[in-house]
Amino acid sequence: MFLKAVAVSLFTLASASAFAAECAVTVESTDQMSYTTQSFTVDKSCKAFTVTLTHSGNLPKNVMGHNLVISKTTDAQSIANEGMSQGLDKEYLKTDDPRIIAYTKMIGAPEKEDTITLDLSKLEVGSDYTFFCTFPGHMALMKGKVVVQ
Ligand code: CU
């Protein structure tokens, strides 16, 4: 009886995930200057897609701040370079740059989470996108791939 109930609930879970696209992702960042996620997939069939950046460390954002910026891969390095001169109070980001598709604010202890909703019309299937951190010096280690399908 118990086993049968487990089997039924597993089946329900499996069929639910086969039909519903995953429309949210959480990317964790750390005191080791890293993201714990190397890539995520954005499904264009989603009505809305949210990205949550979390910071699992104990360092404040002026020391080990992280954000998550999304752009075409070819624009990422230049956006990060220009962000450096903006300073922490401007999130190390030239936020009016039209090449930026989406960005979270810079986070660190004690304010350790930010969630954004992507404008899916700005993402094309088959284009090459990157997510990265614009805190000075972080992008070398803090970047990953955004797959759009
Ligand atoms: Cu960072």
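Residues numbered from 1 in each chain as written. Predicted model: local features only at pLDDT ≥ 70, side-chain atom pairs only at ≥ 80, totals over all residues. Heavy atoms only, no water.

### Considering the sheet that holds strand β4 (residues 69-72)
Pairing in this open sheet of five strands is mixed, and the strands run β2-β8-β7-β4-β5 from one edge to the other. Looking along the sheet, the strands with just one partner apiece sit at the ends: β2 (39-42) and β5 (102-103). With four bridges connecting them, β4 and strand β7 (residues 129-132) associate as antiparallel partners. Counterpart to Ser71 in the pairing with β7 is Thr130. (Pairing = 2+ DSSP bridges. Helix = DSSP H or I, 4+ residues; strand = E, 2+ residues; numbered from the N terminus.)

### A look at the environment of Lys145
Structurally, the position occupied by Lys145 is in strand β8 (residues 143-148). C-alpha of Lys145 to C-alpha of Thr41: the two residues are 104 residues apart in sequence and 8.4 Å apart in space. The contacts of Lys145, once residues within four sequence positions are left out, are Gln38, Ser39, Phe40, Asp128, Tyr129 and Phe131. (Contact = heavy atoms within 4.5 Å.)

### Considerations on the side chain of His66
Inspection of the secondary structure assignment puts His66 in the loop between α2 (61-64) and β4. A polar atom in the side chain of His66 sits 2.7 Å from the backbone oxygen of Thr30. (Polar contact = N/O pair within 3.5 Å; in protein donor to acceptor, adjacent residues only side chain to side chain.)

### Let's talk about the environment of Ala48
Turning to its location among the elements, Ala48 is positioned in the loop between β2 and β3 (49-55). We classify Ala48 as partly exposed; its relative accessible area is 38%. C-alpha separation for the pair Ala48 and Leu120, spaced 72 residues apart in sequence, amounts to 7.3 Å. (Buried < 20%, exposed > 50% of the residue type's maximum accessible area, 1.4 Å probe, protein only.)

### A look at the coordination of the copper ion
When four donors bind a metal tetrahedrally, each ideal donor-metal-donor angle is 109.5 degrees, and when six bind octahedrally, the ideal angles are 90 or 180 degrees. Distances from the copper ion to its protein donors, His66 (ND1), Cys133 (SG), His138 (ND1) and Met142 (SD), fall at 2.1 to 2.7 Å. Geometry at the copper ion is irregular, judged from the four donor atoms that bind it and their angles of 80 to 132 degrees at the metal. (Donors = N, O, S within 2.8 Å, 3.2 Å for Na, K, Ca; no water. Tetrahedral: all angles 85-135°; square planar, octahedral: opposite > 155°, others 65-115°.)

### Thoughts on the confidence of the model for the protein chain
Looking at the protein chain as a whole, the pLDDT averages 91, with 87% of positions reaching at least 70. Within the model, pLDDT remains below 50 along residues 14-18, and this stretch shows zero contacts once partners closer than five positions in the same chain are excluded. (pLDDT = per-residue confidence, 0-100.)

### Quick notes on the pattern of salt bridges
What the rule picks out here adds up to four salt bridges. For Asp97, the salt bridge goes to Arg99, with nearest N and O atoms at 2.8 Å. For Glu111, the salt bridge identified is with Lys105, shortest N-O distance 2.9 Å. By relative accessible area, which is 37% here, Glu111 ends up partly exposed. Three or more residues are tied together by salt bridges with common partners; here these are Glu82, Asp97 and Arg99. (Salt bridge = Lys/Arg side-chain N within 4 Å of Asp/Glu carboxyl O.)

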